[in-house]
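# Inside the fold
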Amino acid sequence: PTSAQVSVAPHSGRFCYTLDNELLSTEQRQFYEDNGYLLIRNLVSDQDIERFRKEFTRICKREVKPPGVMIMKDESLRSQFGQSEKVVNKVQDFQEDEELFRYCTLPEVLKYVECFTGPNIMAMHTMLINKLPDSDKQTFLHPMHQDLHYFPFRPASRIVCAWTAMERAHQDNGCLVVQPGTHKTTLKPHGYPEWEGKTNKLFHGLLHEDENIPKVHLVMEKGDTVFFHPLLIHGSGINRTSGFRKSISCHFASSECHYIDVKNTTQEHLEKELQEMVCKKYNTTSVELKDIWNFRARLVQGERINL
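Conventions we followed
Residues numbered from 1 in each chain as written. Predicted model: local features only at pLDDT ≥ 70, side-chain atom pairs only at ≥ 80, totals over all residues. Heavy atoms only, no water. Pairing = 2+ DSSP bridges. Helix = DSSP H or I, 4+ residues; strand = E, 2+ residues; numbered from the N terminus. Buried < 20%, exposed > 50% of the residue type's maximum accessible area, 1.4 Å probe, protein only. Polar contact = N/O pair within 3.5 Å; in protein donor to acceptor, adjacent residues only side chain to side chain. Salt bridge = Lys/Arg side-chain N within 4 Å of Asp/Glu carboxyl O.

Our next topic: the sheet that holds strand β8 (residues 176-178). On the basis of which strands lie adjacent, the open sheet formed by four strands has the order β5-β13-β8-β11 and antiparallel pairing. Both outer strands of the open sheet, β5 (142-145) and β11 (216-217), are each paired with one neighbouring strand and no more. Pairing geometry for β8 and strand β13 (residues 234-236), over three bridges, is antiparallel. From the neighbouring strand, leucine 176 faces β13, where its bridge partner is serine 236.

Now the structure itself:
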């Protein structure tokens, strides 16, 4: 079976995408069931967000150098701003930075994550996004995509993203855009969009986007957190303001999930690209995709089983 067919279908029953618990109301579970996302207001404190913001600034200034972290920049701005947050678009894989990794261990976040993954929880993929003010080339627009495209583990229904706004996110500064209900579809083919100036590394998008599916802009206040399914089609617009739109996120998965082979699937070209980047960064000749993910993954609750 291809990666689009392996364990995408959830278990039968009234609620396929959430687990029985006392936290979510019936209405919340039904909303996630129907739409593939759930927005929880005012979940993360201002105090925690300011701590994450300070640590992000320290990383940008190279005051701290967490092992394994990937710093993605707009190189065209470096001559103008040097080493600062004004050139850094994303800090990825911060699992070895204890201050930023606190986000993945916040009890208020994990109690919701457990509703989707169960009690054995792995933090699989971490990001702090700093959406820069954009040019007419729309460099930092993230095309519509499904996160499962990036993940060689299943089942999809036991994976969830927690995405927290670090300041108000709205249409003008490039908030998240989702297509409700698309989590019920299969994994679609992805690749680089054929648009001038929109080819940031690993910013893959759907090769064939259905423009008829309605889109919802998630306007969020500082501390608001959205949880969404890895098959939900989503993206973000450009930042038309002069400020920076920051968010922090983690993809969590049940440690009972299992790795799959992506050979001869729509994910195979991504595997090659990721392997090439890691080999170049660490000056090695070969690396297995599973090993890359084992390095990224970190247990946050319960028992580490498969991942």
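A few words on the side chain of glutamate 55. One can find glutamate 55 in helix α2 (residues 46-60). On the basis of relative accessibility, which here comes to 6%, the residue glutamate 55 falls in the buried class. Only 3.0 Å separates the side chain of glutamate 55 from the side chain of arginine 58, close enough to count as a polar contact.

Before going further, it helps to spend a moment on the pairing of strand β3 (residues 88-92). Most of β3 sits inside the fold, with five of its five residues counted as buried. Pairing of β3 with strand β4 (residues 121-131), which is carried by three bridges, proceeds in the antiparallel orientation. Each bridged residue has a counterpart across the sheet, and for valine 91 the counterpart in β4 is leucine 128.

Turning our eyes to something else, we now look at the pattern of salt bridges. For the coordinates displayed, the defined rule picks out 15 salt bridges. We note a salt bridge from lysine 263 to glutamate 271, for which the minimum N-O separation is 3.4 Å. Accessibility expressed as a relative area gives 8% for glutamate 271, which makes it buried. When salt bridges that share partners are traced, they join Asp48, Arg51, Glu99 and Arg102 into one network.

Once that is clear, we can look at unusual backbone geometry. Working note: non-glycine residues mostly have negative phi, and peptide bonds are mostly trans. Each neighbour pair has its own omega, and for arginine 154 with proline 155 the value is 5°, a cis peptide bond. Residue position: proline 155 is located in the loop between β6 (153-154) and β7 (159-165). Positive phi values are uncommon outside glycine, yet asparagine 264 reaches one of about 60°.

Moving on: the pairing of strand β14 (residues 245-254). Most of β14 sits out of view: ten of its ten residues are buried. Side chains Arg245, Ser247, Ser249, His251 and Ala253 of β14 all project onto a buried face; the interleaved residues Lys246, Ile248, Cys250, Phe252 and Ser254 project onto the opposite face, where all are buried too. Note that β4 and β14 share ten bridges and pair antiparallel. Across the sheet, the residue bridging to isoleucine 121 is serine 254, located in β14. In the sheet, β7 pairs with β14 via seven bridges, with the strands oriented antiparallel. Note on β14: the bridge partner recorded for valine 160 is phenylalanine 252.

By themselves, these figures tell us nothing about what the structure is for.
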